[in-house]
Amino acid sequence: MTNCSTTQTDCTTQETVVEAARDYSFATRAIHDGQEPDSATGALVTPIYQTSTFVLDELGVNKGFQYARTHNPTRSALEECLASLENAKYCLASASGLSAAATVINLLSAGDHVIVGEDVYGGVYRLFERVFTRYGITFTYIDGKDLDAIEAAITPQTKMVWLETPTNPLLRLADLSAVAAITKARKLIFVVDNTFATPYFQRPIELGADVVVHSTTKYISGHSDIIGGAVITSNDQLFEVLKFHNNAVGAVPGPFDCFLALRGVKTLALRMREHERNAFAVARFLEAHPAIEAVHYPGLESHPQHELASKQMKGYGGVVACVVKGGLDAAKQVVNNTKLFQLAESLGGVKSLICHPATMTHAPIPKEVREPLGIVDGLIRLSLGIEDANDLIADLERVLPRDTSKTTTNAPTEKRIPVGAAR
Ligand code: P1T
């Protein structure tokens, strides 16, 4: 655990700087980094420090912690572990994935412009369009795999490029090294939402990103029992501003949620391997099924960016999206009737989930915007848990019709929103 014990200044200037031995492998660091036995009691597992404040020894002298919005030992342990897993210097835990996103946008000022990958999570789109545009920040949405589109969208006001890769829900990729070359040349802040891949499969900072954000609600915690987020960087200047906003705005997670995230992250490596194994099995099953019009999974050779995925990721993740023939009615029939796949928003937990992005996670995106992107009414997103793959496939086999002679196809998805179009 990072200690900011001081006799001179208060603890508000403490930084969660990772000094852990980086010689260990990912799986070992997930269990050990930030998690040495508790210095006060020897407790093996980092305790839940359920306190709002910390008593000073005397004026100006504390034991490393002063007020729990600024720092809490359970939170610091989580931050140290997550920074280590992304191979970065700093991490700030946040109350949710969206508050982590807001912390990052707080780096900007009125008049600044952000280039955003077009199929970001609906809540991120809503945060940008309905909250931050009101403060004079503007956003242009582009196809993240189109480097020319990114270059073309840059204006003198552009300060940041924000991408998800793989994207939610269509599992499209952006070439992180190539985008980083652009952002470095143009002095833009490059932010990557790494929620879907997790640091086990992809480490954007190693590929040139400046900031990584996570919804730790998902794979990091892994058991669908908390809401949380994280902002990670190795950039000293950016970290100072991010840290200031994290404390000034105060959207921090409580110690119990940090404890659960830290418990979950210990098994991240194990879980991601199983999530991926199930995703492969289900993606291949869906690809061969007559009721399915299209399957989106970067691990499949049919995925248009399979080669890029193999180059920049160490695995392909645990989310598969597919389009069922017959549009909304057919999609409803599937999502309403699976037994193991629970119909719910979110992803990344041990229990498999099924979701209808057009009416659930991506409902904040207007139909005329989402449909041309490929978020059509027949699209279903599956978050593969770690149940037995045969049971999951049997669940889908039961609800997908084999005779599709009477079903219609979904709307074509080729049309794209032009760069700079009002959204
Ligand atoms: O829900 P929250 O912890 O605030 O995280 C927001 C968020 C940010 N980034 C990505 C890529 C996400 O997928 C999310 C949340 N997504 C869902 C709830 C979902 O079902 O897709």
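Calculation criteria
Every chain is numbered independently, its residues counted from 1 as its sequence is written. Given that the model is predicted, a residue must reach a pLDDT of at least 70 before its local features are reported, and side-chain atom pairs must reach 80 or more before they are shown or counted; all residues, however, enter totals for whole chains, interfaces and linings. With hydrogens and water excluded, all non-hydrogen atoms of the structure serve as input to the side-chain values. Residue burial is assigned from relative accessible area. The probe radius is 1.4 Å, only protein chains are included, and a residue is buried under 20% of its type maximum, exposed over 50%, and partly exposed in between. A helix here means a DSSP run of H or I that spans at least four residues, while a strand means a run of E at least two residues long, and both kinds are numbered starting from the N terminus. By definition, two strands form a pair when at least two bridges between them are found by DSSP. When the strands point away from the viewer and the path from the first strand over the helix to the second turns clockwise, the crossover is right-handed. Note on contacts: a residue pair is in contact if any heavy atoms of the two residues lie within 4.5 Å. Every angle, taken between N-to-C directions, lies between 0 and 180 degrees, and every axis is a line fitted to C-alpha atoms, over only the stretch in contact when it is a helix. Delimitation of the domains relies on an automatic or database domain assignment. When two parts are put together, the accessible area they lose, computed with a 1.4 Å probe and summed over both, is reported as buried area. Any carboxyl oxygen of Asp or Glu within 4 Å of a side-chain nitrogen of Lys or Arg constitutes a salt bridge here. Any residue with a non-hydrogen atom lying within 4 Å of a molecule or strand is treated as near it. What qualifies as a polar contact is a pair of N or O atoms within 3.5 Å, subject to a donor-acceptor requirement within protein and to the restriction that residues adjacent in sequence count only when both atoms come from side chains. Computed with the Shrake-Rupley method and a 1.4 Å probe, the accessible areas treat only the protein chains shown as cover for residues. Throughout this entry, Asp, Glu, Lys and Arg are counted as charged residues, while Ala, Val, Leu, Ile, Met, Phe, Trp, Tyr, Cys and Pro are counted as nonpolar. The remaining residues, Gly among them, count as polar. Here a cavity denotes a set of grid points, spaced 1 Å apart and computed over the protein atoms alone, in which a 1.4 Å probe fits but from which it cannot get out, and a pocket denotes an open set meeting protein on both sides within 12 Å along at least five of seven lines; residues with an atom within 4 Å of a point are reported as lining. Grid points are joined across faces, edges and corners, and a volume is the space filled by probe spheres set on the points. For classification purposes, angles smaller than 35 degrees are called roughly parallel, those larger than 145 roughly antiparallel, those between 65 and 115 roughly perpendicular, and all remaining angles oblique. Here a crossing is called left-handed whenever its near helix is offset anticlockwise from the far helix by less than a right angle, and right-handed whenever the offset is clockwise. Among the buried residues, those of types Ala, Val, Leu, Ile, Met, Phe, Trp, Tyr and Cys that are joined through side-chain atoms within 4.5 Å form a nonpolar core.

Caption draft 1: Up close: the pairing of strand S2 (residues 113–117). Across the five residues of S2, five count as buried, placing the element largely inside the fold. Burial of S2 is two-sided: the residues His113, Ile115 and Gly117 facing one way and the residues Val114 and Val116 facing the other way are all buried. Relative to strand S3 (residues 138–142), S2 is paired through five bridges, and the arrangement is parallel. Within S3, the position partnered with histidine 113 by the bridge is threonine 138. Note on the crossover from S2 through helix H4 (residues 122–131) to S3: the handedness is right-handed. As judged from the four bridges shared by S2 and strand S4 (residues 158–164), these two strands associate in the parallel manner.

Caption draft 2: Layout of the sheet that holds strand S9 (residues 319–324). The five strands lie next to each other as S8-S9-S12-S11-S10, forming an open sheet whose pairing is mixed. Because the sheet does not close on itself, it has two edges, and the strands there are strand S8 (292–296) and strand S10 (342–343). Against the sheet, helix H12 (residues 327–335) makes contact with S9, S10, strand S11 (353–355) and strand S12 (379–383), and its axis sits at roughly 130° relative to S9, the strand it touches most.

Caption draft 3: Region of interest: the domain arrangement of the chain. As assigned here, the chain comprises domain 1 (8–265) and domain 2 (271–399). For domain 1 and domain 2, the distance between their C-alpha centroids amounts to 26 Å. Taken together, the 38 residues of domain 1 in the interface contact 39 residues of domain 2. A combined buried area of about 3,200 Å² lies between domain 1 and domain 2, and 62% of that area is made up of carbon and sulfur atoms. Among the residues domain 1 hides against domain 2, the three largest losses belong to Leu173, Phe201 and Tyr219. Together they make up 25% of the total. Summed over the shared surface of domain 1 and domain 2, the number is one salt bridge. Aspartate 175 is paired through a salt bridge with lysine 311; the nearest N and O atoms lie 3.6 Å apart.

Caption draft 4: Highlighting the sheet that holds strand S6 (residues 211–215). Spatially, the seven strands line up as an open sheet ordered S1-S7-S6-S5-S4-S2-S3, and their pairing is mixed. In the strand order of this sheet, the two ends are held by strand S1 (90–94) and S3, each with one partner. Taking the axes of each pair of neighbouring strands and ignoring which way they run, one obtains an average angle of 20° across the sheet. Lying over the sheet, H4 contacts S2, S3 and S4, oriented at roughly 140° with respect to S3.

Caption draft 5: Quick peek at the site of the ligand. Around the ligand, 18 residues are found, and the nearest of them are Asp193, Ser215, Thr217, Ser346 and Arg381. Glycine 97 is positioned with one of its backbone polar atoms (N or O) 2.9 Å from an oxygen atom of the ligand. When isolated, the ligand has an accessible area of 480 Å², and the protein chains bury 93% of it. Considering only residue class, the shell around the ligand consists of four nonpolar, nine polar and five charged. Looking at which domains feed residues into the shell around the ligand, each of domain 1 (8–265) and domain 2 (271–399) gives three or more.

Caption draft 6: Local environment of empty space enclosed by the protein. Enumeration over the complete set of coordinates arrives at six cavities of 30 Å³ or more. In this structure, the second largest cavity spans a volume of roughly 80 Å³. Together, Gly117, Glu118, Asp119, Asp143, Gly144, Lys145, Glu164, Thr167, Arg172, Leu173, Ala174 and Gln305 line the second largest cavity. Here the lining of the second largest cavity is composed, by residue class, of two nonpolar, four polar and six charged.

Caption draft 7: Local environment of the environment of phenylalanine 285. Structurally, phenylalanine 285 is set in helix H10 (residues 268–287). Phenylalanine 285 sits 108 residues away from isoleucine 393 along the chain, and the two C-alpha atoms are 7.3 Å apart. If sequence neighbours within four positions are ignored, phenylalanine 285 has contacts with Ile393, Leu396, Glu397, Leu400 and Arg402.

Caption draft 8: Main features of the pattern of salt bridges. With the rule as written, the count across this model stands at 17 salt bridges. Taking the shortest distance from any N to any O, the salt bridge between lysine 184 and aspartate 210 comes out at 4.0 Å. In this pair, lysine 184 is assigned in helix H6 (residues 176–185) and aspartate 210 in the loop between helix H7 (198–201) and S6, connecting sequence segments 26 residues apart. By relative accessible area, aspartate 210 is classed as buried at 17%. Here arginine 402 ties to glutamate 397 by a salt bridge, and the two come within 2.8 Å at their closest N and O atoms. Accessibility expressed as a relative area gives 31% for glutamate 397, which makes it partly exposed. Taken together, the salt bridges that share partners define one network made up of Lys367, Arg370, Glu371 and Asp377.

Caption draft 9: Structural context of the packing of helix H3 (residues 97–105) against H4. Following both chains from N to C, one finds H3 and H4 inclined at 40°, their axes separated by 10 Å at the closest point. If you check the angle between H3 and H4, you find them oblique. Considering the relative orientation of H3 and H4, their crossing is right-handed. Only Gly123, Val124, Arg126, Leu127 and Phe128 of H4 make contact with H3, whose side of the interface consists of Leu98, Ala101, Ala102 and Ile105.

Caption draft 10: Geometry of the nonpolar core. One finds Leu286, Ile380, Leu382 and Leu400 to be the most contacted residues of the largest nonpolar core, which totals 73 residues. No other element matches H10, which puts nine residues into this core. Looking at which domains feed residues into this core, each of domain 1 (8–265) and domain 2 (271–399) gives three or more. Counting 32 residues, the second largest nonpolar core, distinct from the first, contains Phe132, Met160, Trp162 and Leu242.

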